[in-house]
Amino acid sequence: MTGNGGSGLRGSIVRRVAAIAALVVLGVAAYLAFWPVPIEPVPWKAQTPPGFTGAYAPNARLSGLRTIDIGNESGPEHIAIGPDGKLYAAMLSGDLLRMDPDGGKQEIFATTGGRVLGFDFDAAGQMIAADPMKGLLAITTDARVSVLTDHVSPDDPIQYANSIVVAPGGTIYFTDASTRFAPRYWGGTYAASVLDIMEQSASGRVLAYDPATKRCRVVAHGLSFANGIALSADGLSLFVTETGRYRIWKVDAGASDLDVRSGSPQAQVLLDNLPGYPDNLMRGRDGRIWVGLFKPRNPAADGLAEKPFMRKMLVRLPRFLLPLGESYGHVFAIDEEGRVTEDLQDPAAGYPETTGATETAERLYIHSLNARAIGWLPR
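Residues numbered from 1 in each chain as written. Predicted model: local features only at pLDDT ≥ 70, side-chain atom pairs only at ≥ 80, totals over all residues. Heavy atoms only, no water.

Q: A description of the overall build of the chain should follow, citing residues and the corresponding values.
A: Looking only at helices and strands, the chain has 4 helices and 27 strands in total. Viewed in the frame of its principal axes, the chain has a C-alpha envelope of about 95 × 45 × 45 Å. For the chain, the proportion of its 379 residues judged to be buried stands at 55%. Long-range contacts, defined here as pairs at least 24 residues apart, represent 56% of the contacts in the chain between residues at least 6 apart. A total of about 16,500 Å² of accessible surface is found on the chain, and carbon and sulfur atoms cover 56% of it. Both charge centroids of the chain, one from 36 positive and one from 40 negative side chains, sit 8 Å from each other. (Helix = DSSP H or I, 4+ residues; strand = E, 2+ residues; numbered from the N terminus. Buried < 20%, exposed > 50% of the residue type's maximum accessible area, 1.4 Å probe, protein only. Contact = heavy atoms within 4.5 Å. Areas by Shrake-Rupley, 256 points an atom, 1.4 Å probe, with all protein chains shown as cover. Lys, Arg positive; Asp, Glu negative; His and termini not counted. Charge placed at Lys NZ, Arg CZ, Asp CG, Glu CD.)

Quick look at the structure:
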């Protein structure tokens with residue numbers, strides 16, 4: 001009787017454990033299928049990735065960068081030379097550093113309390129900055145920060161001010177990367193960008209602000225995470241990176257509320273099916289436009305393009321499980337016709353998350369989302 005009782009007890013325990021395991025499995029399945037998430041994924045068709053071929057043939061020209069120490073700061077996401085000849089860099093902390101071009105005499109020029117992702121300088125020498133936490137900012141030469149605008153209209157807020165270029169006539173063009181996911185509400189700039197690209201609702205847009213009238217207008221919309229922006233040499237066109245779909249657009253600067261998906265001749269894809277996620281655009285020397293590729297493409301992510309339900313499930317997983325791509329250093333230059341004229345890579349990704357490049361006669365500075373130094377190469 002004792003032996004039979006022991007077997008029965010063991011059997012009962014096994015059945016209970018099996019039942020608990022089944023409930024856990026059902027709970028996990030229900031969580032992955034039904035737990036509320038902020039995205040409503042849209043199906044789209046991703047082209048077959050070109051890989052590192054042709055103009056993007058593998059090389060190590062970006063390896064072994066020299067660096068400028070920035071102390072406890074990190075994330076020189078945007079770097080530019082100011083009218084005073086000083087080097088300015090926007091940091092993760094919200095600080096804007098100012099220094100000599102060789103990194104000497106460093107100081108905090110200004111602090112926005114947010115996170116500047118792009119800036120340019122107007123004719124008066126003041127910095128015009130895109131801060132996704134604050135909006136479109138003006139920072140005077142004596143470091144006074146003011147908001148130019150944080151709305152297109154009273155009921156249309158700017159959610160994700162990202163990159164910026166000031167035209168010679170004074171018009172300020174900038175990208176509102178996502179109208180769906182504002183970084184101040186969704187865990188910061190990177191987390192918000194991941195949500196937007198996973199959703200693919202193409203809510204990004206290009207805006208124009210006129211300092212004379214203090215009015216803001218929509219130039220173009222329908223972009224899957226509108227990111228970097230640059231102006232053509234004649235001032236008539238804008239180049240815009242669409243990070244979520246691996247391409248660069250050429251858009252008529254005079255357009256108004258243009259849907260880039262409409263087939264209008266005012267918006268044309270300049271460079272398509274890039275091998276990675278394009279980020280900043282910066283005018284260089286001799287007509288070059290520098291492009292940063294934040295990460296290379298991930299075949300798993302492309303494979304989910306037409307599977308919105310699977311993408312919704314993925315967002316319920318910890319972020320480290322998302323198919324965001326491996327680190328790989330990569331910047332390249334194009335001309336205004338979209339031809340690649342230079343290509344620099346670092347397969348070992350010694351300098352992380354290369355988001356752009358700033359060219360002077362002496363140096364090529366490399367932007368980064370997270371680096372703890374400013375990388376550069378002699379020209």
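Q: Could you give an account of the pairing of strand S21 (residues 276-283), naming the residues involved and the relevant values?
A: For S21, a buried count of 7 out of 8 residues is recorded, marking the element as mostly surrounded by other parts of the structure. The hairpin formed by S21 and strand S22 (residues 289-296) contains 5 residues between the paired strands, and Asp286 there has a positive phi angle of roughly 55°. (Pairing = 2+ DSSP bridges.)

Q: Describe in detail the packing of aromatic side chains, supporting the description with residues and values.
A: This model, assessed by the stated rule, comprises 10 aromatic pairs. Seen in terms of ring centroids, Trp44 and Tyr246 are 6.3 Å apart; in terms of plane orientation they differ by 50°. Their pairing is tilted. Of this pair, Trp44 sits in the loop between helix H1 (2-34) and strand S1 (66-69) while Tyr246 sits in the loop between strand S17 (237-242) and strand S18 (247-252), and the two are 202 residues apart along the sequence. Taken together, the ring pairs connect Tyr88, Phe109, Phe119 and Phe121 into an aromatic cluster. For Arg297, the ring lying beneath its charged end belongs to Tyr246, and the centroid distance is 3.9 Å. (Phe/Tyr/Trp six-rings, centres within 6.5 Å; stacked < 30°, edge-to-face > 60°. Lys NZ or Arg CZ within 6 Å of the ring centre and 35° of its normal.)

Q: Run through the sheet that holds S21, naming residues and quoting values.
A: Reading across the sheet, the 4 strands line up as S21-S22-S23-S24 and stay open at both edges, with antiparallel pairing between neighbours. A strand with exactly one partner marks an edge of an open sheet, and here the two such strands are S21 and strand S24 (340-346). On average, each strand axis in the sheet is tilted by 20° relative to the strand beside it, whichever way the strands run. Here 6 bridges tie strand S23 (residues 329-334) to S24, and the two strands are oriented antiparallel to one another. (Axes fitted to C-alpha atoms, helices over the stretch in contact; angles between N-to-C directions.)

Q: Go over the side chain of Asn273, please, and point to the residues and values.
A: Checked against the element boundaries, Asn273 lands in the loop between strand S20 (267-271) and S21. Within polar-contact distance, the side chain of Asn273 engages the backbone oxygen of Thr48 at 3.0 Å. Beyond its immediate chain neighbours, meaning those up to four positions away, Asn273 contacts Gln47, Thr48, Pro49, Pro50, Tyr246 and Arg297. (Polar contact = N/O pair within 3.5 Å; in protein donor to acceptor, adjacent residues only side chain to side chain.)

Q: Quick one: what's the story with the nonpolar core, residue by residue and with numbers?
A: By size, the foremost hydrophobic cluster in this structure holds 37 residues, and its most contacted members are Ile248, Phe332 and Ile334. Elements that contribute at least two residues to this core include exactly helix H2 (189-199), S20, S21, S22, helix H4 (308-315) and S23. The dominant element in this core, judged by the number of residues it contributes, is H2, at 5 residues. With near-sequence residues (within four places) excluded, Ile248 lies in contact with Val240, Thr241, Gln268, Val269, Leu270, Leu271, Leu274, Leu281, Val291 and Ile334. If you look at the next biggest cluster of nonpolar residues, it comprises 20 residues, including Ala167, Tyr173, Leu223 and Trp249. (Core = buried A, V, L, I, M, F, W, Y, C linked by side-chain atoms within 4.5 Å.)

Q: Lay out the sheet that holds strand S6 (residues 118-121) with the relevant residues and their values.
A: Taken together, the 4 strands give an open sheet; going across it, the order is S6-S7-S8-S9, and neighbouring strands pair in antiparallel fashion. One side of each edge strand has no neighbouring strand; the edge strands of this open sheet are S6 and strand S9 (145-149). On average, each strand axis in the sheet is inclined to that of its neighbour by 30°, with strand direction left out of account. Pairing between strand S8 (residues 135-139) and S9: 4 bridges, direction antiparallel. In the sheet register, Leu137 faces S9, and the bridge partner there is Val147.

Q: Please provide a residue-by-residue account of unusual backbone geometry, values included.
A: The phi torsion at Ala143 lies on the positive side, around 70°, for a residue other than glycine. Examined against the element boundaries, Ala143 turns out to sit in the loop between S8 and S9. Positioned with a positive phi, Ala349 is a non-glycine residue whose angle comes to about 55°. You can see Ala349 is positioned in the loop between S24 and strand S25 (354-359).

Q: Could you give an account of H4, naming the residues involved and the relevant values?
A: For H4, the complete set of buried residues consists of Arg311, Lys312, Leu314 and Val315. Along the long axis of H4, the arc covered by the buried residues comes to 160°, so they all point the same way. On the buried face of H4, the contacting elements are H2. (Arc of directions from axis to C-beta.)

Q: Can you tell me about the pattern of salt bridges, naming the residues and giving the values?
A: Side chains that differ in charge, positive against negative, can pair when their charged atoms come close. Under the criterion given, the structure shown has 20 salt bridges. With its nearest N and O atoms 2.5 Å apart, the salt bridge here joins Arg247 to Glu242. In this structure Glu242 comes out as buried when scored by relative accessible area, which is 0%. Arg297 is paired through a salt bridge with Asp302; the nearest N and O atoms lie 2.9 Å apart. Considered together, Arg297 and Asp302 belong to a single accessibility category, that of buried residues. (Salt bridge = Lys/Arg side-chain N within 4 Å of Asp/Glu carboxyl O.)

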